[in-house]
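Residue strings, one per chain:
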Amino acid sequence: MLQLSFLQRDKAGTLERLAKRGGEDFSSLVEAVLAEDQKRREGLSELERLRAESNKIAKAVGIAMAKGDAGAADEARRQTAELKAAIADLEKVVKQTEDRLHEQLVRLPNLPHESVPAGKSADDNLVVHERLRELPLWAEPQPHWDVLAKLGTIDFERGVKLTGSGFPVYVGAGAKLQRALIRFFLDRAEAAGYLEIQPPHLVNADSAFGTGQLPDKEGQMYFVGADNLYLIPTAEVPITNLYRDEILAEERLPIKLCGYTPCFRREAGSYGKDVRGLNRVHQFDKVEIVQIVRPEDAYPTLEEMTRYAESLLDDLELPYRRLLLCGGDMGFASAKTYDLEVWSAGQERWLEVSSVSCFESFQSHRLKLRYRPATGGKPVLAYTLNGSALALPRIVAALLENRRQADGSVSLPPCLHPYFGAERLQPGDKTL
RNA sequence: GGUGAGGUGGCUGAGCGGUCGAAAGCACCUCUUUGCUAAAGAGGCGUACCGGCAAAACCGGUACCAUGGGUUCGAAUCCCAUCCUCACCA
């Protein structure tokens, strides 16, 4: 949620930055917000004046009663009837105005950072750099679902039976590889100074609102109606919400947290080659990193976090590139996002495995997550950042496709050997 | 699931219809004094919003004692609902 004070101070600048998102024209919404706020303040001023008057009378009654002056008390009581009605009416009006204002304000996406290129879609993203390693040249590139057909370590069909499409079953060495990757990512995060969190996998509406999933992405989350809870689409939600409604001491920043969770996404509207195999699934594993920082530290931190995620890909020996997302391809709440994509040799295309974003105060404003400056004074909104480090399925897909050997086995990069307990996945591995 | 108790400021905890944004203690901050790694004394110490101002400081106001309703001239205090916590029972 944007800060109203910023809108008021610099309307032109706000519109200019919103225009980078390339889609919808927000100028009328911004105007509506400002007009609504004007109305709100006028109503509120009058309402508070009336309430002050009413409070004065009530106090006078109390004093008259204490003195035993029943006449004066009755007289005061008579005065309040009209006042009460006026207050009740105005309260209703002000409440409506505030609700409308909030509903409009919440529809404005975050302002892209000045370094973010304007653009409409993924085509306008900038490639920051590419790290390509030499790949074996396959006579015939094989997508991971074909590699898996021989290995049998991920069972898509039985997942369909259990739940539906997009719920793979990891079997034997496949399951163990998941565990190895999770442990590798967590150990690395811990070594980089992140405190490990195991959060709940379901959250309430307040939490989903706090990080911006509600109301923007309501349809993308699984919802448990009986208890009004949402299955988390990413650990970002519970972990960032840890400090909701808190005022932290400045000395505690930066706060660095990480956590492994399964992620649940409905992915309504996806189709085609995008959803084949592990490309897009409804439940997947991910290690997330989150930082809560002072505003002046936010952008250096974004670079640091992105570089950290890249270092994991270095260790995994996967070819990758870093994209700076254009305004139109960024998430609703983000001010600046880097995506990391790995090269998938079997499908001959790039697959997103990490997204690292700076939200500035967009989330913390909703979260009421503030810190008190060491020099004293008013609490200020902290800046939040998060990134995947990393999401598993496409890493697995790339490993399978890029590291497939002539005999059908798949060699694993050395960093995984101690976690996996072997150097390769073999066609002879046990399966269902 | 049942019954009972309860949810108050950073923490502990008083208040149970009027001047209570809320006693007291702890923690924290400033100052003073003695001096030595501590003690004593004085003062300060919630958040949001509205207005005064161009802004900060500051001043005035409004709201907030789990949440949402209600009763009343007046609610932290009474009533109802919801959520949560604790204890005991099943």
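Here the structure is a predicted model, which means the values were calculated and not measured. (Residues numbered from 1 in each chain as written. Chains lettered and ligands numbered in written order. Predicted model: local features only at pLDDT ≥ 70, side-chain atom pairs only at ≥ 80, totals over all residues. Heavy atoms only, no water.)

There is about 420 Å³ of room inside the second largest pocket. Lining the second largest pocket are 21 residues, with Phe-156, Gly-166, Val-275, Arg-276 and Gly-277 sitting closest to its centre. Classifying every residue of the lining of the second largest pocket gives 10 nonpolar, six polar and five charged. (1 Å grid on protein atoms, 1.4 Å probe; cavity = no way out; pocket = protein on both sides within 12 Å on 5 of 7 lines; lining within 4 Å. Points joined across faces, edges and corners; volume = space filled by probe spheres on them. Nonpolar A, V, L, I, M, F, W, Y, C, P; charged D, E, K, R; others polar.)

All right, on to the packing of aromatic side chains then. Think of a pair of aromatic rings as described by two things: how far the centres are apart, and how the planes are tilted against each other in angle. As enumerated under the stated definition, the model contains seven aromatic pairs in all. Taken together, a centroid distance of 4.8 Å and an interplanar angle of 40 degrees make the contact between Phe-223 and Tyr-230 tilted. Their ring planes at 70 degrees and their centres at 5.2 Å tell us that Trp-343 and Trp-350 sit as a pair that is edge-to-face. Owing to a relative accessible area of 18%, Trp-350 belongs among the buried residues under this scheme. By way of ring pairs, the aromatic residues Phe-184, Phe-185 and Tyr-419 are connected into one cluster. Across the ring face of Tyr-338, the terminal group of Arg-322 is positioned such that the distance to the ring centre comes to 4.6 Å. The residue whose ring lies beneath Arg-366 is Phe-209, and the NZ or CZ to ring-centre distance is 4.3 Å. (Phe/Tyr/Trp six-rings, centres within 6.5 Å; stacked < 30°, edge-to-face > 60°. Buried < 20%, exposed > 50% of the residue type's maximum accessible area, 1.4 Å probe, protein only. Lys NZ or Arg CZ within 6 Å of the ring centre and 35° of its normal.)

Let us now look at the side chain of His-282. As for its position among the elements, His-282 is in the loop between β9 (255-264) and β10 (283-293). Judged by relative accessible area, His-282 falls into the buried class, the value being 18%. One polar contact links the side chain of His-282 to the main-chain carbonyl oxygen of Arg-265, over a distance of 2.8 Å. With residues up to four places along the chain from it excluded, the contact list for His-282 reads Ser-165, Gly-166, Phe-167, Tyr-222, Cys-263, Phe-264, Arg-265, Arg-266 and Glu-267. (Helix = DSSP H or I, 4+ residues; strand = E, 2+ residues; numbered from the N terminus. Polar contact = N/O pair within 3.5 Å; in protein donor to acceptor, adjacent residues only side chain to side chain. Contact = heavy atoms within 4.5 Å.)

Let us now look at the state of the cysteines. In this structure the tally under the stated criterion is zero disulfides. For the unlinked cysteine Cys-263, the closest cysteine sulfur is that of Cys-258, found at 14 Å. Cys-263 gets classed as buried once you look at its relative accessible area, which sits at 0%. This cysteine, Cys-326, is not joined by any disulfide, and Cys-358 carries the nearest cysteine sulfur, 17 Å off. (Disulfide = S-S within 2.5 Å.)

An order of β5-β7-β6 is seen for the three strands of this open sheet, with the pairing classed as antiparallel. Bordering the open sheet on either side are β5 (202-203) and β6 (223-224), each of which pairs with just one other strand. Relative to strand β7 (residues 229-231), β6 runs antiparallel, the two being bridged by two bridges. Each bridged residue has a counterpart across the sheet, and for Phe-223 the counterpart in β7 is Tyr-230. (Pairing = 2+ DSSP bridges.)

It is a probe the size of a water molecule, rolled over the atoms, that shows where empty space is left. Enumeration over the complete set of coordinates arrives at one cavity of 30 Å³ or more. There is about 40 Å³ of room inside the largest cavity. Forming the walls of the largest cavity are Leu-148, Thr-153, Ile-154, Gly-174, Leu-177, Gln-178, Val-396, Leu-400 and Leu-425. Counting residues per element, the ones that place at least two in the lining of the largest cavity are α7 (173-191) and α12 (392-402). The element contributing the most residues to the lining of the largest cavity is α7, with three residues.

To continue, consider unusual backbone geometry. Leu-214 connects to Pro-215 through a cis peptide bond whose omega is -5 degrees. Mapped onto the fold, Pro-215 is located in the loop between α8 (205-210) and β6. At the junction of Leu-253 and Pro-254, the peptide bond is cis and its omega measures out at -5 degrees in the coordinates. Note on placement: Pro-254 falls in the loop between β8 (247-249) and β9. Unusually for a residue other than glycine, Asp-245 sits at a positive phi of about 60 degrees. As for its position among the elements, Asp-245 is in the loop between α9 (236-241) and β8. Asp-245 gets classed as exposed once you look at its relative accessible area, which sits at 51%.

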